[in-house]
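Topology and contacts: notes
Residues per chain, in single letters:
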There are 2 protein chains.
Amino acid sequence: MIKVVVLGSGNVATHLCTTLEKHTRILLLQNYNRKGENIANCGVTITNRPTEIVDADLYIFAISDDALPTVNTEFNHLKGLIVHTSGSTPLEVFSSFERKGIFYPVQSFKKNIPVSFSEVPIAIEASHESDQQLLVRFAQSISKAVYVLNSEQRNILHVAAIFANNFSNFMYTQAEEICQTNAIDFNILKPLISETITKISTNSPKEIQTGPAIRNDKKTIERHITTLTDQKKIKLYQLLTAAIQHYYE
Amino acid sequence: MIKVVVLGSGNVATHLCTTLEKHTRILLLQNYNRKGENIANCGVTITNRPTEIVDADLYIFAISDDALPTVNTEFNHLKGLIVHTSGSTPLEVFSSFERKGIFYPVQSFKKNIPVSFSEVPIAIEASHESDQQLLVRFAQSISKAVYVLNSEQRNILHVAAIFANNFSNFMYTQAEEICQTNAIDFNILKPLISETITKISTNSPKEIQTGPAIRNDKKTIERHITTLTDQKKIKLYQLLTAAIQHYYE
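Residues numbered from 1 in each chain as written. Chains lettered and ligands numbered in written order. Predicted model: local features only at pLDDT ≥ 70, side-chain atom pairs only at ≥ 80, totals over all residues.

1. Considering the overall build of chain A
Along chain A, the regular secondary structure elements total 8 helices and 8 strands. For chain A, the spread of C-alpha atoms along the principal axes amounts to about 70 × 35 × 30 Å. Put simply, chain A has 249 residues, and 41% of those count as buried. In chain A, the share of contacts with a sequence separation of at least 24, taken over all contacts with a separation of at least 6, comes to 51%. (Helix = DSSP H or I, 4+ residues; strand = E, 2+ residues; numbered from the N terminus. Buried ≥ 20, exposed ≤ 12 C-beta atoms within 10 Å, placed from the backbone. Contact = placed C-beta atoms within 7 Å.)

2. Things to note about the interface of chain A and chain B
Buried accessible area, meaning the area lost when the parts come together, often serves as the stated size of an interface. At the interface, 69 residues of chain A touch 69 residues of chain B. At the level of elements, helix H4 (151-180), helix H5 (190-200), helix H7 (218-227) and helix H8 (231-247) of chain A are the ones that each hand at least two residues to the side of chain A that touches chain B. Ranked by residue count, the leading element in the side of chain A that touches chain B is H4(A), at 24 residues. Of the residues assigned to the side of chain A that touches chain B, the class counts are 38 nonpolar, 23 polar and 8 charged. (Nonpolar A, V, L, I, M, F, W, Y, C, P; charged D, E, K, R; others polar.)

3. So, the environment of A:Ala161
Secondary-structure assignment places A:Ala161 in helix H4. Overall, the presence of 22 C-beta atoms within 10 Å leaves A:Ala161 in the buried class. Separated by 74 residues in sequence, A:Ala161 and A:Gly87 place their C-alpha atoms 11 Å apart. When residues no more than four places from it in sequence are discounted, the contact partners of A:Ala161 are B:Leu189 and B:Leu192.

4. What to know about the relation of the copies chain A and chain B
Of the transformation placing chain A onto chain B, the axial shift is 0.0 Å and the rotation is 180°, giving an RMSD of 0.1 Å. Such a combination of turn and shift is consistent with a two-fold rotation axis. Looking at the rotation axis and the C-alpha trace of chain A, the residue lying nearest is A:Ser168, at 2.2 Å. (Least-squares fit on C-alpha atoms with pLDDT ≥ 70 in both.)

5. Quick look at the nonpolar core
Of all hydrophobic cores here, the largest spans 143 residues; its most connected members are A:Val6, A:Ile60, A:Ala160, B:Val6, B:Ile60 and B:Ala160. Those residues in contact with B:Ile60 that sit more than four places away from it in its chain are B:Val4, B:Val6, B:Leu7, B:Leu16, B:Val83, B:Thr85 and B:Phe103. (Core = buried A, V, L, I, M, F, W, Y, C linked by C-beta atoms within 7 Å.)

6. Section: the domain arrangement of chain A
Residues and elements named next belong to chain A. Its domain assignment divides chain A into domain 1 (2-149) and domain 2 (153-247). For domain 1 versus domain 2, the separation of C-alpha centres amounts to 37 Å. Listed per partner, the contact involves 6 residues of domain 1 and 4 residues of domain 2. Here the side of domain 1 that touches domain 2 is composed, by residue class, of 3 nonpolar, 2 polar and 1 charged. (Domains from an automatic or database assignment.)

7. Quick word on the packing of H8(A) against helix H8 (residues 231-247) of chain B
The geometry of H8(A) relative to H8(B) is characterised by a closest axis approach of 12 Å and an angle of 165° between their N-to-C directions. As summarised for this structure, H8(A) and H8(B) are arranged roughly antiparallel, according to the angle between their axes. In this structure, H8(A) crosses over H8(B), and the sense of that crossing is left-handed. Contacts from A:Lys232, A:Leu236, A:Leu239, A:Ala243 and A:His246 in H8(A) reach B:Lys232, B:Leu236, B:Leu239, B:Ala243 and B:His246 in H8(B). (Axes fitted to C-alpha atoms, helices over the stretch in contact; angles between N-to-C directions. Parallel < 35°, antiparallel > 145°, perpendicular 65-115°, else oblique. Left-handed = near helix turned anticlockwise from the far one by under 90°.)

8. Comments concerning the sheet that holds strand S2 (residues 26-32) of chain B
Residues and elements named next belong to chain B. Read from one edge of the open sheet, 8 strands run S3-S2-S1-S4-S5-S6-S7-S8, paired in mixed fashion. Two strands lie at the open edges of the sheet, namely strand S3 (45-47) and strand S8 (146-148), each paired on one side alone. Along the sheet, successive strands turn relative to each other by an average axial angle of 25°, direction set aside. Here S2 pairs with S3 via 3 bridges, running parallel. What sits directly across from Tyr 32, in S3, is Thr 47. (Pairing = 2+ DSSP bridges.)

9. A short note on the packing of H4(A) against helix H5 (residues 190-200) of chain B
Interaxial distance between H4(A) and H5(B) falls to 10 Å at its minimum, and their mutual angle equals 20°. Taken as axis vectors, H4(A) and H5(B) run roughly parallel relative to one another. Crossing handedness for the pair H4(A) and H5(B): right-handed. Counting all contacts with H4(A), which are made through A:Ala161, A:Ala164, A:Asn165, A:Ser168, A:Asn169 and A:Tyr172, the residues of H5(B) involved are B:Leu192, B:Ile193, B:Thr196 and B:Ile200.

10. Considerations on helix H1 (residues 11-21) of chain B
All names here are of chain B. Burial analysis of H1 places 8 of its 11 residues in the buried class, the great majority of the element. Residues of H1 that are buried: Val 12, Ala 13, Thr 14, His 15, Leu 16, Cys 17, Thr 19 and Leu 20. Residues of H1 that are buried in the fold lie against strand S1 (2-7), S2, strand S4 (58-61), strand S6 (100-105) and helix H3 (129-142).

11. Some thoughts on the environment of B:Pro114
By secondary structure assignment, the location of B:Pro114 is in the loop between S6 and strand S7 (122-126). Separated by 96 residues in the primary sequence, B:Pro114 and B:Thr18 have C-alpha atoms spaced 9.3 Å apart.

12. Side note on the pairing of strand S5 (residues 81-84) of chain B
Residue and element names in this part refer to chain B. Side chains Leu 81 and Val 83 of S5 all project onto a buried face; the interleaved residues Ile 82 and His 84 project onto the opposite face, where all are buried too. Bridging between S4 and S5 involves 4 bridges; their strand directions are parallel. Directly across from Ile 60, in S5, lies its bridge partner Val 83. Strand direction decides the pairing type here: S5 and S6, joined by 3 bridges, are parallel. Residue pairing for S6: His 84 is matched across the bridge by Ile 102.

13. Examining the pairing of S2(B)
All names here are of chain B. In this sheet, S2 lies alongside S1 in parallel orientation, the contact comprising 6 bridges. For Val 6, the partnering residue across the bridge sits in S2 and is Asn 31. Considered for its hand, the β-α-β crossover made up of S1, H1 and S2 is right-handed. (Right-handed = clockwise from strand over helix to strand, strands pointing away.)

14. Topic: the confidence of the model for chain A
Caution applies to low-pLDDT parts of the model: their predicted coordinates are not meant to be read in detail. Summarising the model, chain A shows a mean pLDDT of 94, and 100% of its residues fall at 70 or more. What the predictor reports for the complex is a pTM of 0.86 with an ipTM of 0.86. (pLDDT = per-residue confidence, 0-100.)

15. Considering the sheet that holds strand S8 (residues 146-148) of chain A
All names here are of chain A. Spatially, S3-S2-S1-S4-S5-S6-S7-S8 is the arrangement adopted by the 8 strands of the open sheet, whose pairing is mixed. The open sheet has two edge strands, strand S3 (45-47) and S8, and neither has a second partner. Averaged over all pairs of adjacent strands, the angle between their axes in this sheet comes to 25°, without regard to strand direction. Direction of pairing for strand S6 (residues 100-105) relative to strand S7 (residues 122-126): antiparallel, over a ladder of 5 bridges.

In structure tokens:
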């Protein structure tokens, strides 16, 4: 039975407490948060005093990236494995701890929307092999998708996520704006967008690329450029069309 | 009761026949296709002879864009409203017909995957007001999402779809490739991608943009550029970061 203390009061801390409290093979001993609030509205013991934190195998700091360095001074009396949940902070942030690790759930959480942790990918890292095993065992007990990644790989995953989320979302913004300036309901495109996502669940996105760029359909590309009126969108259309053509050359 | 003939043997023709044959307020009289095949494996009468096509209110040519001009010579004996299902072909392609229109289902179809037409957005256009009414009535009897768009708007919708599908899919390709070259499983990112799609079903993509570009987080942007090794991806990262920053300025 792995004994766990969750520290923090944000979305990740809340969902972790909710999930761990019901778990039969994990013992959630305590939640620490500054205000001493019962964040998950559950039966877990709450404290807001660092000195009252009980002995555990695993301490999960689900706090903001900026606050992580303060753990070295405020919580340096803790024994056991100390981990954080940040995707972009290296292991070394815990400079005053010898046993340290990362438990990074690759999903965005909202407080009031229930999360099925079993579907959330978890990226794991630890400074010691035995702690990595402990973390993997812990993570696998709540998620079906556990990956061991070192800090460099996690950084690369973060770059990939910029393309997969931030940049693709910016494309949706462009599409919505093109619709809006022409009194077309953006909802018309949503089933098509969902379809792309359904497709990449079983196909490589590389294999399902369609459109005038990959077909080198010059007539349609020319018509589209004439259709667009915003110079920045024209530039973006041309750059991305060229990038696609170059990629599939 | 609207009397309909569907012409063609592709994915759209097949799904239309399957849907219309079961319909209680639409009378599917016939399917024409060159090979005389029973494409939808249903009870509809099939013909492969243009002269045997029966009288109907509506003829739906669900054939390839390239083949549409041939309708003017091969099928110019047909009375009733003649429509095509193409998103990028103007109404004027049917030069020898007086009553013409467009019935464009904004979704990609695959032959063996069932489609719930009630969820498929339909873009409608017709050269006559009365025919537009007929088409809207017909479309609304099979779909909850019917939009009247003229050829210019449909062209604009097509441009918007390039951003929403082709360009966003290319971003997924970049993300997958970044993962692959670094031995990271691309599946880790799929729940995050799905989450973005869930979010834009109720939020404007403009409002949910996140990431280092919009935060102007120079340190992370610099780290990401150093992480990437492929010059084309670096260029793309820089251009899109600049575009996002410019957009939200």
